[in-house]
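Architecture at a glance
Given next are the chains, with one letter for each unit.
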Amino acid sequence: MRSFLTHLECTYCKTIFSAEKPYRTCSKCSKVLFARYDIKSAKKEISPAKISTRNPTMWRYFEMLPIINPDNIVTLGEGFTPILPINNLAKLLDCSSLFIKDEGINPTSSFKARGLSAAVSKAKEFGLTKFTIPSAGNAAGALAAYCARGGMKSDIFMPKDTPIANIKEVSIIGSNLTLIDGLINDAGKLSQEKAEKENLFDVSTLKEPYRVEGKKTMGYEIAEQMNWELPDAIIYPTGGGTGIIGMWKAFDELEQLGWIDSKRPKMFCVQSSGCAPIVKAFVEKTEFAEPWQNAKTIASGLRVPVAIGDYLILDALRSSKGGAVSVEDEDILLETKLIAELEGMFICPEGGATIKGLKILLDNGQLSKDDNILLLNTGSGLKYLEIFNN
Ligand SMILES: *Cc1c(COP(=O)(O)O)cnc(C)c1O
Ligand SMILES: [Zn+2]
C-alpha cells in the first residue's frame, strides 16, 4: 500500500505547496489548502474490488489518504459506519427511499473522529507532538482521544456552555482544558495565541489541510455502500462545513478514479435559525458568508458563526443544485425525539435538524417523495443529555 499524495493546493488562488512540510492555510491568500493526489497512478493500483476486502474503517482508502507511512496512523477504528434505511419515517412522510448514515457510532461518538484521526496521524508523520484546538464540543473530545492514543499532548479551548459530555470526556482523558466565556471563534483566537507562544500545532477546522481528508472518507463510504451510485440528495447539518466540503471533494476524486459517473447528489445544508450564516449567504447569493451575530443553538456543532471554508460550502451547494435551510431549535428537539420513537435511533440534535430540513425541502418542492435521499447523522444523542427533558 502506498499513498498517492503529491502536493497541497490552495482552493482559492491555486498556489501549490509541498506536502512534505506542515502547512496550515495558504500563505498568499489565507484560504483553505487541499491535499492533491496522483489519481492517474492510483487508478492503476486500486479498484473497488480490492478495497472491498479490507478492514471496515476509513483507512481502507489508504491510497487516497495523506499518510505516507502506515505506522503513523493513529486509529481507534473510525469510519465505515452503517447506512440504514429509515422505513418507518419514510412511511410517515410517504417517501420511497430514505436513508441515514449513522456517524454517532464512531469513536468519541461523532464523525469528528475521522478528521482528527487523519490530522493527528499526519502531524505524527511530521514529528509534531503538541496540539491546540478551539472546539464547539465534539472536535475537542476527538482531538483529546487521538492525542492520548498517539502519546501526544493537547490544549483545548471550548465555550463554557459546551455540552457536559464534551467537557467531561476531555477532562477524563486529561487534556489541558480552558473553558471560555464566548463562542468557538473566540476560542479560536486564544488557541492561536497559545499555539504561537508555545509552538503548538493548531488543528482548527480547515486551518490545516488534513482534517478534511479524514472527513472526505464519508463520501467514499457513501459511494461504496450504495454500490457506486450516489443518492439523489444528501442533507447535512453544517457548522464549519468540513463534512460537506470533504464529501464534495471525495466525489470529484471518485469520478477521476472512474469509480462513479458524473452524477452528483443535490447537496443541502441545514443550520439552526439561531446561527445560519451559510443559509443567509446562499439566499443572498454572495460568495462568502458574513459572521453571524449572537449565535445561539442547542445543536452545539452548528454554533459556528464564522466558517473559513464558507466559499467552498456555498460552491458545493450551488454546483450541485442543492440548497440551504434553517430550522428552529424547538423543531430540532421534536425531530430528534421523533426518530428515536420511530427507528430506535438516539441521534444528536444536529442530526435531528436534518429531519426537519427534509420535511421543509419536501414541502417546498426542492425534494420529491420519489428521490433517493440520504441524511447524515453526525453524532450520538448520548453526548447531549442535558437538552432532553423527557
Ligand atoms: C462539528 C459537528 C457538526 C458540523 O460539522 P462540520 O463538518 O464542521 O460542518 C455537525 N454535527 C456534529 C455532531 C458536530 O460535532
Ligand atoms: Zn491561496
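The structure under discussion appears in the preceding block.
The rules we used
Residues numbered from 1 in each chain as written. Chains lettered and ligands numbered in written order. Predicted model: local features only at pLDDT ≥ 70, side-chain atom pairs only at ≥ 80, totals over all residues. Heavy atoms only, no water. Buried < 20%, exposed > 50% of the residue type's maximum accessible area, 1.4 Å probe, protein only. Helix = DSSP H or I, 4+ residues; strand = E, 2+ residues; numbered from the N terminus. Pairing = 2+ DSSP bridges. Right-handed = clockwise from strand over helix to strand, strands pointing away. Near = heavy atom within 4 Å. Polar contact = N/O pair within 3.5 Å; in protein donor to acceptor, adjacent residues only side chain to side chain. Areas by Shrake-Rupley, 256 points an atom, 1.4 Å probe, with all protein chains shown as cover. Nonpolar A, V, L, I, M, F, W, Y, C, P; charged D, E, K, R; others polar. Axes fitted to C-alpha atoms, helices over the stretch in contact; angles between N-to-C directions.

What to know about the pairing of strand E11 (residues 266-272)
Among the seven residues in E11, six count as buried, and that is most of the element. Sheet analysis places strand E10 (residues 233-237) next to E11, joined by five bridges and oriented parallel. Among the inter-strand pairings, Pro237 is bridged to a residue of E11, identified as Val270. Crossover handedness for the path E10 to helix H9 (residues 242-257) to E11: right-handed. Bridging between E11 and strand E12 (residues 323-327) involves five bridges; their strand directions are parallel. Paired with Val270 across the bridge in E12 is Val325.

Let's talk about the site of ligand 1
Near ligand 1, the surroundings consist of 17 residues, among which Lys112, Tyr236, Gly239, Gly241 and Thr378 are the closest. Within the backbone of Gly240, a nitrogen or oxygen atom sits 3.1 Å from an oxygen atom of ligand 1. A distance of 3.2 Å is found between an oxygen atom of ligand 1 and a backbone nitrogen or oxygen belonging to Thr242. Burial of ligand 1 by the protein chains amounts to 96% of its free accessible area of 380 Å². Looking at the shell around ligand 1, the elements with two or more residues in it are E10 and H9. Of the residues in the shell around ligand 1, the class split is five nonpolar, nine polar and three charged.

Observations concerning the sheet that holds strand E2 (residues 16-18)
With antiparallel pairing, three strands are arranged side by side in an open sheet as E2-E1-E3. If you trace the sheet from one side to the other, it starts and ends with E2 and strand E3 (33-37), each paired once. Neighbouring strand axes in the sheet, compared pairwise and without regard to direction, differ in orientation by 35° on average. Strand direction decides the pairing type here: strand E1 (residues 5-10) and E3, joined by five bridges, are antiparallel. By the bridge assignment for E3, Leu5 is matched with Tyr37.

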